[in-house]
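Single-letter residue listing:
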Amino acid sequence: MAGYGNDDGFQTWLSGQGLALPVGAPTLAVLRQIGSDYVDAAYEHALQCSQRAGGFEQERAWPRVGHRVNGQPVPNDLVPPAWVSASYRAAYLQATTEGGWATVGVDSTRQTRREKVDSIEREFFAASDAAGSSVAPGMPSDSIINGMLTPWFCSNVRSAARLFRVI
């Protein structure tokens, strides 16, 4: 398996962000794999207007065929730099969060949604429940990763150009 980017690129990204991995963290390659698995699992569902360039056998969500961003076609061999950077951030969060960030699941059956103590009542929700959240249910959410990847998601907006064809 191969994660997005490469070890040198991940190290350069860390340095550019002013970040360092903790002592005892998994290798760069292992972290890249985990980060790549995370971004594909959490966000590929938002890419349903295109398909994997290598079909179902393709290991990663990118490159894709038929994808468009802001009406412009995306090259069939492109792995968006934002997708690579998002996988690096997920890898960093994995290495620096106790118990792992990208590999921890959210058990929605064990979450407290509403709590009442005496006359005080509070209601909680996960970031993934918020309006506009694009992360798959049950996945941890990071606002920086969301921001990096959102421009690459398929548009749900219908336009006249999609509804009618002039012949």
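Residue positions are given per chain, counted from 1 along the sequence in the order it is written. Given that the model is predicted, a residue must reach a pLDDT of at least 70 before its local features are reported, and side-chain atom pairs must reach 80 or more before they are shown or counted; all residues, however, enter totals for whole chains, interfaces and linings. Processing note: side-chain calculations cover all non-hydrogen atoms of the structure and skip hydrogens and water entirely.

Trainee: For this particular structure, what's the right way to read the packing of helix α1 (residues 7-17) against helix α2 (residues 28-43)?
Mentor: Relative placement of two packed helices is described by the angle separating their axes and the distance separating the axes. Orientation of α1 relative to α2, taken along the N-to-C sense of each, is 85°, at an axis distance of 9 Å. Between α1 and α2, the angle falls in the class roughly perpendicular. Residues D7, F10, Q11 and L14 of α1 touch α2, and the partners they reach there are L28, A29, L31 and R32. Of the residues belonging to the contact of α1 with α2, the class tally is five nonpolar, one polar and two charged. All axes here are fitted lines through C-alpha atoms, helices being fitted over the stretch that makes contact, and every angle between N-to-C directions spans 0 to 180 degrees. Each helix corresponds to a stretch of at least 4 residues labelled H or I by DSSP, and each strand to a stretch of at least 2 residues labelled E; elements are numbered beginning at the N terminus. Throughout, the term roughly parallel applies to angles under 35 degrees, roughly antiparallel to angles over 145, roughly perpendicular to angles from 65 to 115, and oblique to all others. Here, residues are in contact when the closest pair of their heavy atoms is within 4.5 Å. Gly falls in the polar group here, along with every residue not listed as nonpolar (Ala, Val, Leu, Ile, Met, Phe, Trp, Tyr, Cys, Pro) or charged (Asp, Glu, Lys, Arg).

Trainee: Is there a simple way to think about the pattern of salt bridges in this case?
Mentor: Pairing between side chains of opposite charge can happen when the charged atoms of each approach one another. Definition used for salt bridges: Asp or Glu carboxyl oxygen within 4 Å of a side-chain nitrogen of Lys or Arg. The final tally for this structure, using the stated rule, is seven salt bridges. With a closest N to O distance of 3.0 Å, R60 and D40 form a salt bridge. A residue pair is termed long-range when its members are at least 10 positions apart, and R60 in the loop between β1 (51-52) and β2 (64-65) and D40 in helix α2 qualify at 20 residues. Each member of the pair, R60 as well as D40, is classed as buried. Residue R64 is joined to E44 by a salt bridge in which the shortest nitrogen-to-oxygen separation is 3.1 Å. Of this pair, R64 sits in strand β2 while E44 sits in the loop between α2 and β1, and the two are 20 residues apart along the sequence. Several salt bridges converge on common partners, so that one network encompasses D37, D40, E59 and R60. Burial classification: accessible surface area is computed with a 1.4 Å probe over protein chains only, and a residue below 20% of its type maximum counts as buried, one above 50% as exposed, and the rest as partly exposed.

Trainee: Mind showing me how you'd approach the packing of α2 against helix α3 (residues 81-96) here?
Mentor: One can describe the packing of α2 onto α3 by two numbers: an axis separation of 7 Å at closest approach and a directional angle of 115°. For the pair α2 and α3, the sense of crossing is right-handed. Along the contact surface, α2 presents L31, R32, I34, G35, S36, Y38, V39, D40 and Y43, while α3 presents W83, A86, S87, Y88, A90, A91, Q94 and A95. Of the residues in the contact of α2 with α3, the class split is 11 nonpolar, four polar and two charged. Take the far helix as the reference: if the near one is turned anticlockwise from it by less than a right angle, the crossing is left-handed, and if turned clockwise, right-handed.

Trainee: What should I look at first to understand the environment of V84 in this one?
Mentor: Tracing the backbone shows V84 in helix α3. Distance from V84 to G5, taken between C-alpha atoms, is 5.8 Å for residues 79 residues apart in sequence. Contact partners of V84, with chain neighbours within four places excluded, come to Y4, G5 and V79.

Trainee: I tried to follow the packing of aromatic side chains on my own but got confused; where do I start?
Mentor: Any pair of aromatic rings gets described here by the distance separating the centres and the angle formed by the planes. Pairs were defined over the aromatic rings of Phe, Tyr and Trp, the Trp ring being its six-membered one, requiring ring centres within 6.5 Å. Orientation was assigned from the angle between planes: stacked under 30 degrees, edge-to-face over 60, tilted for the rest. The full count for this structure, using the stated rule, is eight aromatic pairs. An aromatic cluster is present here, built from Y38, Y43, W101 and F153 joined pairwise through their rings. Residue placement shows R60 over the ring face of Y4; its charged tip is 5.5 Å from the ring centre. We count a charge as sitting over a ring when the NZ of a lysine or the CZ of an arginine lies within 6 Å of the ring centre and within 35 degrees of the ring normal.

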